[in-house]
Amino acid sequence: MKKAILTIAIAVMGFTAVFAQDSSRKVRKQMPKMTAEQRAEKATSRLEKKLGLTADQKAKIYAVELENAKKMETWRKADHSAMKGKMDERKIAMKEQKAKIDAILTADQKTKMEAFRAEAREKGGKMRKGLNRGDKTDKAPVEG
């Protein structure tokens, strides 16, 4: 009798532990695998919608975006142990891309683009803060 009660108690505790797991977490969606050309086309069409690009501007920006997408693809395939050393190289490449795109845009389009970039920086900052939720550095130290 004692063995049966003990077995049932262990089973109940096991089921409780299993069902106590939080299954409401959002599952991270897998990003679709896109080629460099698809990435460039997507970025160009997004800018075309936001900035109202002309056909000539669209072709030039597509070329810039394609070049950047190919660079990013090679960096993604590169050895991950050397990633930290490549950060400066990536920052320089991003500044060059920004300069090339700004040279193609009109003054009005540049103003809109800066607003989009500022909005993206703000969203990125909020995402980084959200990732550090488990970090206890924002709490005041306990004095004893």
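Here, the structure is the one placed above.
If you're wondering where the values come from, they're calculated on a predicted model, not measured in any experiment.

A. Quick peek at the overall build of the chain. Secondary structure assignment for the chain yields five helices and zero strands. Classification of the 144 residues of the chain by burial places 19% in the buried group. Within the chain, contacts between residues separated by at least 24 positions form 56% of all contacts whose residues are at least 6 apart in sequence. Total accessible area on the chain stands at roughly 12300 Å², and carbon and sulfur atoms take up 60% of it.

B. Representation of the packing of helix 2 (residues 36-51) against helix 3 (residues 55-77). With their axes 8 Å apart at the nearest point, helix 2 and helix 3 run at an angle of 135° to one another. One element, helix 2, and the other, helix 3, form an angle in the oblique class. Judged by the sense of rotation from one axis to the other, the crossing of helix 2 with helix 3 is right-handed. Between helix 2 and helix 3, the contacting residues are Ala36, Glu37, Arg39, Ala40, Glu41, Ala43, Thr44, Leu47 and Glu48 on the first element and Lys58, Ile61, Tyr62, Glu65, Leu66, Ala69, Lys70, Glu73 and Arg76 on the second. Considered class by class, the residues forming the contact of helix 2 with helix 3 number eight nonpolar, one polar and nine charged.

C. Structural view of the environment of threonine 44. Assignment of secondary structure puts threonine 44 in helix 2. What makes threonine 44 buried here is its relative accessible area of 1%. Spatially, the C-alpha atom of threonine 44 lies 9.3 Å from that of leucine 66, the residues being 22 residues apart in sequence. Filtering out sequence-adjacent residues up to four positions away, threonine 44 remains in contact with Leu53, Lys58, Ile61, Tyr62 and Glu65.

The rules we used
Residues numbered from 1 in each chain as written. Predicted model: local features only at pLDDT ≥ 70, side-chain atom pairs only at ≥ 80, totals over all residues. Heavy atoms only, no water. Helix = DSSP H or I, 4+ residues; strand = E, 2+ residues; numbered from the N terminus. Buried < 20%, exposed > 50% of the residue type's maximum accessible area, 1.4 Å probe, protein only. Contact = heavy atoms within 4.5 Å. Areas by Shrake-Rupley, 256 points an atom, 1.4 Å probe, with all protein chains shown as cover. Axes fitted to C-alpha atoms, helices over the stretch in contact; angles between N-to-C directions. Parallel < 35°, antiparallel > 145°, perpendicular 65-115°, else oblique. Left-handed = near helix turned anticlockwise from the far one by under 90°. Nonpolar A, V, L, I, M, F, W, Y, C, P; charged D, E, K, R; others polar.

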